[in-house]
Structure formats: structure tokens, C-alpha cells
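# Report on the structure
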Amino acid sequence: HPERLHGTLASDVAAYLETLPAGPRAAQERLLRHWVSAHGSDPRHALTALQLRQTLAKWADAGAAASTRNHRRQALLNLYSALDGKHAPSPVKEVPRAAEPPAESRSIPIELVNLVLAQMEPSKTKARLLIMATTGLPQAQIARLQPRDVDLRRRTVFVTPRRKGAGQPGRTL
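Residues numbered from 1 in each chain as written. Predicted model: local features only at pLDDT ≥ 70, side-chain atom pairs only at ≥ 80, totals over all residues. Heavy atoms only, no water.

## Some remarks on the overall build of the protein
The helix and strand tally for the protein stands at 7 helices and 3 strands. Reading the protein from its N end, one meets helices and strands in the order α-α-α-α-α-α-α-β-β-β. On C-alpha atoms alone, the protein measures out to a radius of gyration of 25 Å, which is more than a quarter above the 16 Å that the 2.2 N^0.38 rule sets for 173 residues. Over its C-alpha atoms, taken along the principal directions, the protein stretches across nearly 75 × 30 × 30 Å. Expressed as a percentage of its 173 residues, the buried residues of the protein come to 26%. Computed over 26 positive and 14 negative side-chain charges, the inter-centroid distance for the protein is 11 Å. (Helix = DSSP H or I, 4+ residues; strand = E, 2+ residues; numbered from the N terminus. Rg over C-alpha atoms; globule rule 2.2 N^0.38 Å. Buried < 20%, exposed > 50% of the residue type's maximum accessible area, 1.4 Å probe, protein only. Lys, Arg positive; Asp, Glu negative; His and termini not counted. Charge placed at Lys NZ, Arg CZ, Asp CG, Glu CD.)

## Focus on the environment of Trp35
When you line up the elements, Trp35 lands in helix 2 (residues 22-39). For Trp35, a relative accessible area of 1% gives the class buried. In this structure the C-alpha to C-alpha distance between Trp35 and Arg72, which are 37 residues apart in sequence, comes to 7.8 Å.

## Some remarks on the packing of helix 2 against helix 4 (residues 66-84)
Viewed as axis vectors pointing N to C, helix 2 and helix 4 meet at an angle of 95°, and their least axial separation amounts to 9 Å. Judged by the inter-axis angle, helix 2 sits roughly perpendicular to helix 4. Listed contacts from helix 4 to Gln28, Leu31, Leu32, His34 and Trp35 of helix 2 are His71, Arg72, Arg73, Ala75, Leu76, Asn78 and Leu79. The class makeup of the residues in the contact of helix 2 with helix 4 is 6 nonpolar, 4 polar and 2 charged. (Axes fitted to C-alpha atoms, helices over the stretch in contact; angles between N-to-C directions. Parallel < 35°, antiparallel > 145°, perpendicular 65-115°, else oblique. Contact = heavy atoms within 4.5 Å. Nonpolar A, V, L, I, M, F, W, Y, C, P; charged D, E, K, R; others polar.)

## Considering the packing of aromatic side chains
Aromatic ring pairs are described here by two measures, namely the spacing of the ring centres and the angle between the planes. On inspection of all chains with the given rule, the structure shows 1 aromatic pair. The ring of Tyr80 has Arg44 lying over it, and the distance from NZ or CZ to the ring centre is 4.6 Å. Its end group placed over the ring of Trp59, Arg72 keeps NZ or CZ at 4.7 Å from the ring centre. (Phe/Tyr/Trp six-rings, centres within 6.5 Å; stacked < 30°, edge-to-face > 60°. Lys NZ or Arg CZ within 6 Å of the ring centre and 35° of its normal.)

## A short note on the sheet that holds strand 2 (residues 156-159)
Judged by pairing direction, the sheet is antiparallel, and its 3 strands sit side by side in the order 1-2-3 without closing on themselves. Unpaired on one side and paired on the other, strand 1 (150-151) and strand 3 (171-172) mark the two borders of the sheet. Direction of pairing for strand 2 relative to strand 3: antiparallel, over a ladder of 2 bridges. Looking across to strand 3, one finds that Val159 is bridged to Arg171. (Pairing = 2+ DSSP bridges.)

## Here we look at the confidence of the model for the protein
When pLDDT is averaged along the protein, the result is 90; 95% of the residues meet or exceed 70. Looking across the protein, the model is least confident in helix 7 (residues 139-143), with a mean pLDDT of 85, and most confident in helix 3 (residues 49-61), with 98. (pLDDT = per-residue confidence, 0-100.)

Right under this line is the structure:
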């Protein structure tokens with residue numbers, strides 16, 4: 001273990017990490033290690049927003065993704081909040097998050113889906129995939145369907161509410 005320097009970012013990171021449970025400690029340590037490499041011997045309270053922005057810019061130039069830089073920024077903000085208090089001034093609060101590119105669609109073109117389905121022999125798997133392709137329902141919701149949820153005469157199905165994420169109310173398709 002390198003000798004801890006009192007009042008430096010490195011010593012404050014070490015003190016902060018000791019307060020965390022093992023799982024979160026390991027994740028925060030991986031993120032904060034980068035700040036320690038850049039500013040470890042600097043007094044933490046002397047760091048400025050400009051220095052932090054410059055460090056983040058260097059990481060961007062080195063190829064670090066926006067999400068990676070945002071995780072590192074958040075870890076440093078967590079350290080300041082834990083050691084100084086949530087409402088204490090912090091140079092990290094003056095550093096904006098990096099703009100992340102919009103998420104890429106992971107959908108498969110419907111033409112390809114239809115081509116694959118056309119090649120499949122009739123089976124429960126094919127039926128399940130057809131339901132997924134035509135309704136957009138995830139496998140977990142399809143698996144929870146009960147015979148009472150399906151009205152063959154009206155050609156409808158009642159989909160139970162979903163609690164994952166923001167959730168979805170029950171609905172009839």
C-alpha cells in the first residue's frame with residue numbers, strides 16, 4: 001500500500017472506501033483509481049472544476065466513452081458528498097455530465113423476422129415467437145398468460161400488468 005498522504009485526494013479516497021461495504025467498495029475503487037492517478041497527490045479541497053474538466057477531456061481524447069467518464073465523475077461526486085456532506089460545495093457539481101450518444105436500436109428488421117418464422121416448423125416456440133413479433137410482448141409476460149386471458153371468439157388477449165422498470169398497466173390486445 002502506498003503511503004497515505006494526509007489531505008490529498010489519495011488519502012481521502014482511501015478513507016472513503018473504508019466506509020463502504022465490499023461490493024460497492026470494489027466498484028467505487030475501480031472508478032476512483034483513475035482520479036487518484038491524475039490527482040492523487042493534490043489536496044482534494046484545492047481541486048477545481050477546471051482541473052476536473054481537463055482530466056475528463058484527456059480521458060475523452062484517450063477514447064473513454066461518455067458513460068465511463070460519467071461513472072468516474074459520479075464516483076468522485078459520491079466521495080465529496082460522503083466526506084463533506086451532500087450540500088457542501090464541490091467542484092464536481094460544476095462539471096456537467098458528458099453527453100451520451102442516443103441508444104442504438106437493437107431491433108431486427110421485420111422482414112428478417114418473417115423470413116426466419118416462415119422457415120420454422122410449427123411448434124410452441126414458433127407460436128411464442130409469432131406472439132412476440134406481432135405484439136412486442138417480452139417472453140416473461142407471454143409465459144404468464146393463462147387460458148382465461150385469451151378470448152378466441154373476440155381474438156383478444158388480456159396482458160397482465162408489468163412491474164419491471166416504469167411498469168405497464170394491464171391491457172387488452
